[in-house]
Amino acid sequence: MRLANLTWPKAQEYFEKNDMVLISIGSIECHGRHMPLGTDTLIPDFLLEKIEQKSDVLIAPTIPYGACQSLAPYPGTIDIDNEVLYQFCRQVFLSLYRHGARKFVFLNGHGGNMKMIERLGLEFEDKGCLVAMLNWWLMAWDLNPAWKGGHGGAEETAGVLAVNPTLVDWDSIEDMTLKPVSDEMEATGFKTVRFKGVEIPLVRPVTEVTDNGWIGPDHPKNATEAWGKDMLKACAEYIADFMGAFRRA
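Residues numbered from 1 in each chain as written. Predicted model: local features only at pLDDT ≥ 70, side-chain atom pairs only at ≥ 80, totals over all residues. Heavy atoms only, no water.

Draft legend 1. Inspection of the pairing of strand β3 (residues 103–108) at higher detail. Of all six residues making up β3, six are buried, and the element is well covered by its neighbours. The two faces of β3 match: K103, V105 and L107 on one face and F104, F106 and N108 on the other face are all buried. As paired strands, strand β1 (residues 20–25) and β3 are joined by six bridges and run parallel to one another. Directly across from M20, in β3, lies its bridge partner K103. When β3 meets strand β4 (residues 130–135), the two strands line up parallel, connected through six bridges. Opposite N108, over in β4, you have N135 as the bridge partner. Once the chain exits β3 it traverses helix α4 (residues 114–125) before rejoining the sheet at β4, and the crossover so formed is right-handed. (Buried < 20%, exposed > 50% of the residue type's maximum accessible area, 1.4 Å probe, protein only. Helix = DSSP H or I, 4+ residues; strand = E, 2+ residues; numbered from the N terminus. Pairing = 2+ DSSP bridges. Right-handed = clockwise from strand over helix to strand, strands pointing away.)

Draft legend 2. Representation of the nonpolar core. Of all hydrophobic cores here, the largest spans 57 residues; its most connected members are L22, I23, L47, F104, F106, L107 and W136. Among the elements that line this core, the one with the most residues is helix α7 (residues 225–248), at eight residues. If sequence neighbours within four positions are ignored, L22 has contacts with L48, I51, V57, L58, I59, A60, V105, L107 and M243. Core analysis: the second largest hydrophobic core is formed by six residues, C30, Y74, V206 and I215 among them. (Core = buried A, V, L, I, M, F, W, Y, C linked by side-chain atoms within 4.5 Å. Contact = heavy atoms within 4.5 Å.)

Draft legend 3. Examining the packing of aromatic side chains more closely. Summed over the entire model, instances satisfying the criterion amount to seven aromatic pairs. For the pair Y97 and F124, a centre-to-centre distance of 6.3 Å together with 70° between the ring planes defines the contact as edge-to-face. With Y97 in helix α3 (residues 82–99) and F124 in helix α4, this pair connects stretches of sequence that are 27 residues apart. Accessibility expressed as a relative area gives 23% for Y97, which makes it partly exposed. Since its relative accessible area comes to 0%, F124 is described here as buried. An aromatic cluster is defined as three or more aromatic residues linked by ring pairs; in this entry it consists of F93, Y97, F104, F106 and F124. When the ring centre of Y86 is taken as origin, the NZ or CZ atom of R119, which lies over that ring, is 3.5 Å away. (Phe/Tyr/Trp six-rings, centres within 6.5 Å; stacked < 30°, edge-to-face > 60°. Lys NZ or Arg CZ within 6 Å of the ring centre and 35° of its normal.)

Take it as geometry only, folks, not as evidence of what the structure does.
What follows is the structure, encoded as structure tokens:
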């Protein structure tokens, strides 16, 4: 049930009987040379279509932008300042709270949004609410460890293949290349380097870490459409089941 498709009397009727709402949030950012900028929004939107078939929970319009500071230099990336994103989402929450929402399910497609969602969760808990954050890519790891992946790697590539195979540019897939800080400090991820066997956080723009924009143990060339369909089907079914239990909480 989509909030955007309801008349206000129908919305009023829903909130007289229900206090839960599902909100999706993503980002527009680099996911390697081979993946669309909207990956973190396209996959949650696809999940919403599947969830809607299994649940009658009210679905608010998707928030397509996120906090992408480290990826901002890549052309096309739209970075929303953390405080601005928080204030925007807070206003969405406050409006839904005014109408009767007390249980918020945030379907998140982007790791950079997590701190903002946690902040909202703590604030609205003080108002008597519960805020659940469902990070689909982490959920997939728990559902099947074989699906575990990094940023723009095989896991996310498989997800996009399930959404629309034509959105993946196979000819642009490259091996992962991480730039060391020095001869003694090897880059190991987005925000880490290894020195004498210990990983140390070292925040740099991703353009200073990799040339192509994907990072992870899962090479995107190994992604398949079948993997993506199985993975997103499992995630959608889990989310529908979770919301049923959350409603009873």
